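Residue-level listing of the chains:
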Amino acid sequence: AIVNYMTPVSGDNTALKWSSKQGSGYTDNVGQPLLIGDYVYTTSASEVLQINKATGTVEKRCTLRGSTGWNTVSPAYGTIGETGNKKGVVFISLMGGQMQAVEAATMKSLWISDSACSGQNQCPVVYDDQTQLVYTGYWSSESAVSSYVCFDGNTGNIKWKIDHKGGFYWAGGLIYNDYLVVGSDNGDDGSSGNSQNSDYDLSTLYVINKRTGDIIDSQKTLVGDQRGGIVNCNGILYFTTKAGYLY
């Protein structure tokens, strides 16, 4: 996102308010936070944590029914249900192509999806308020096929998925009107003999109907893996690739 916030310009303007140790190493660390109302929500290797934003106290926990892996990508927050009976929900991507939904207020698990594909949960979770659909991508290896997946936010049912050789790694999907835009890895593991050149092989930018999963358009000439978020500014999309290109 493009934001306009004042930030400190030196260490003299900052001070540690609190810290909360909830992990023990890179395989059991704390994930990226969501700030919702009076609480910070984050994940450990096996739990979702509701933390008081003023004190750092963990007030509630919910056990996940799968692993969050290395916790390198963010969950998402959204609301589900009908008008007048909506619930705020934290959506967490799990290893093995699964998604779990936890109600933010009660910290009760609402559902866990079936496995949509194999692979690591290596993409940020994206929520669309208009459709109450949830999206994320998975990655198995540099050259294996894995998927970008759409889940129903109310039930966890798998609505559609896009398979791609090389899968999706740190690829931040963007909702733009009726579409979801996301980039892929390039599917080259360097086994052809020149691993450096594999960094410059071509990946794909997909424009997908966010409801149906139909591929509306694609750009297959991106140089390098598209491992990052996509930003929209006045209808123009900006993103980078692993090969050092800004598009």
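Residues numbered from 1 in each chain as written. Predicted model: local features only at pLDDT ≥ 70, side-chain atom pairs only at ≥ 80, totals over all residues. Heavy atoms only, no water.

Visitor: I'd love a proper account of the overall build of the protein chain, names of residues and values included.
Guide: The secondary structure content of the protein chain amounts to one helix and 18 strands. Relative to a compact globule of 247 residues, whose C-alpha radius of gyration would be 18 Å, the protein chain shows 19 Å and is just as compact. By its C-alpha atoms, the protein chain is 50 × 50 × 40 Å across when sized along the principal axes. Among the 247 residues that make up the protein chain, the fraction classed as buried is 46%. When contacts within the protein chain are restricted to residue pairs at least 6 apart in sequence, those whose partners lie at least 24 apart make up 46%. Within the structure as shown, the protein chain displays about 12400 Å² of accessible surface, and the carbon and sulfur contribution to it stands at 49%. One finds the centroid of the 17 positive side-chain charges in the protein chain at a distance of 7 Å from the centroid of its 22 negative side-chain charges. (Helix = DSSP H or I, 4+ residues; strand = E, 2+ residues; numbered from the N terminus. Rg over C-alpha atoms; globule rule 2.2 N^0.38 Å. Buried < 20%, exposed > 50% of the residue type's maximum accessible area, 1.4 Å probe, protein only. Contact = heavy atoms within 4.5 Å. Areas by Shrake-Rupley, 256 points an atom, 1.4 Å probe, with all protein chains shown as cover. Lys, Arg positive; Asp, Glu negative; His and termini not counted. Charge placed at Lys NZ, Arg CZ, Asp CG, Glu CD.)

Visitor: Talk me through the side chain of T131; I want residue IDs and the actual numbers.
Guide: With respect to the element layout, T131 can be found in the loop between β9 (126-128) and β10 (133-137). Of note is the side chain of T131, whose polar atom sits 2.6 Å from the side chain of D128. (Polar contact = N/O pair within 3.5 Å; in protein donor to acceptor, adjacent residues only side chain to side chain.)

Visitor: So, the sheet that holds strand β13 (residues 174-176): which residues are in play, and what are the values?
Guide: The antiparallel open sheet is built from four strands, whose spatial order is β13-β14-β15-β16. The two strands at the open ends of the sheet, each matched to only one other strand, are β13 and β16 (215-223). This sheet shows a mean twist of 20° between the axes of neighbouring strands, independent of strand direction. With five bridges connecting them, strand β14 (residues 179-183) and strand β15 (residues 202-209) associate as antiparallel partners. The partner of V182 across the bridge, within β15, is Y206. (Pairing = 2+ DSSP bridges. Axes fitted to C-alpha atoms, helices over the stretch in contact; angles between N-to-C directions.)

Visitor: Outline the sheet that holds β10, listing residues and values.
Guide: Taken together, four strands build an open sheet; the order of strands is β9-β10-β11-β12 and the sheet is antiparallel. The open sheet has two edge strands with one neighbour each: β9 and β12 (158-165). Put simply, the sheet's adjacent strands are angled 20° from each other on average, direction ignored.

Visitor: For a nonpolar patch on the surface, give the residues involved together with the corresponding values.
Guide: Nonpolar side chains collect at one region of the surface, where Y200, Y245 and Y247 lie side by side and expose about 290 Å² of accessible area between them. One can find Y200 in the loop between α1 (195-198) and β15. (Patch = residues over 30% accessible without salt bridge, like charges linked within 9 Å, V, L, I, M, F, W, Y side chains within 5 Å. Salt bridge = Lys/Arg side-chain N within 4 Å of Asp/Glu carboxyl O.)

Visitor: Explain the packing of aromatic side chains residue by residue, including any values.
Guide: We describe a pair of aromatic rings using the distance from one ring centre to the other and the angle between the two ring planes. All told, the structure shown has 10 aromatic pairs when counted by the stated rule. Residues Y135 and W160 carry aromatic rings whose centres are separated by 5.9 Å and whose planes lie at 50° to one another, so their mutual orientation is tilted. One end of the pair, Y135, is in strand β10; the other, W160, is in strand β12, with 25 residues separating them in the sequence. For the residue pair Y135 and W160, the accessibility class agrees, reading buried in each case. Ring geometry for F168 against Y206: centres 6.4 Å apart, planes inclined by 50°, an arrangement best described as tilted. Of this pair, F168 sits in the loop between β12 and β13 while Y206 is found in strand β15, placing the two residues 38 residues apart along the sequence. A residue is classified by how much of its surface remains accessible, and F168, at 0% relative accessible area, is buried. Grouping aromatic residues by their ring pairs yields a cluster made of F91, W111 and Y127. Taking the ring centre of Y169 as reference, the NZ or CZ of R227 above it sits at 3.9 Å. (Phe/Tyr/Trp six-rings, centres within 6.5 Å; stacked < 30°, edge-to-face > 60°. Lys NZ or Arg CZ within 6 Å of the ring centre and 35° of its normal.)

Visitor: Talk me through the state of the cysteines; I want residue IDs and the actual numbers.
Guide: One pass over the structure, following the stated rule, counts zero disulfides. Left unpaired, C117 is separated from the closest cysteine sulfur, that of C123, by 9.9 Å. The class of C117 is buried, set by a relative accessible area of 13%. (Disulfide = S-S within 2.5 Å.)

Visitor: Lay out the pattern of salt bridges in plain terms, naming residues and giving numbers.
Guide: Opposite charge on two side chains permits pairing when their charged atoms draw close. A complete count under the given rule lists seven salt bridges for this structure. As a salt-bridge pair, D225 and R227 come within 3.7 Å of each other at their nearest N and O atoms. Side by side, D225 and R227 carry an identical accessibility label, which is buried. One salt bridge connects K242 with D225, and the closest N-O pair in it is separated by 3.9 Å. Of this pair, K242 sits in the segment after β18 (236-238) while D225 is found in the loop between β16 and β17 (231-233), placing the two residues 17 residues apart along the sequence. Take K242: its relative accessible area is 42%, and that puts it in the partly exposed class. Through salt bridges with shared partners, one network takes in E142, D185, D225, R227 and K242.

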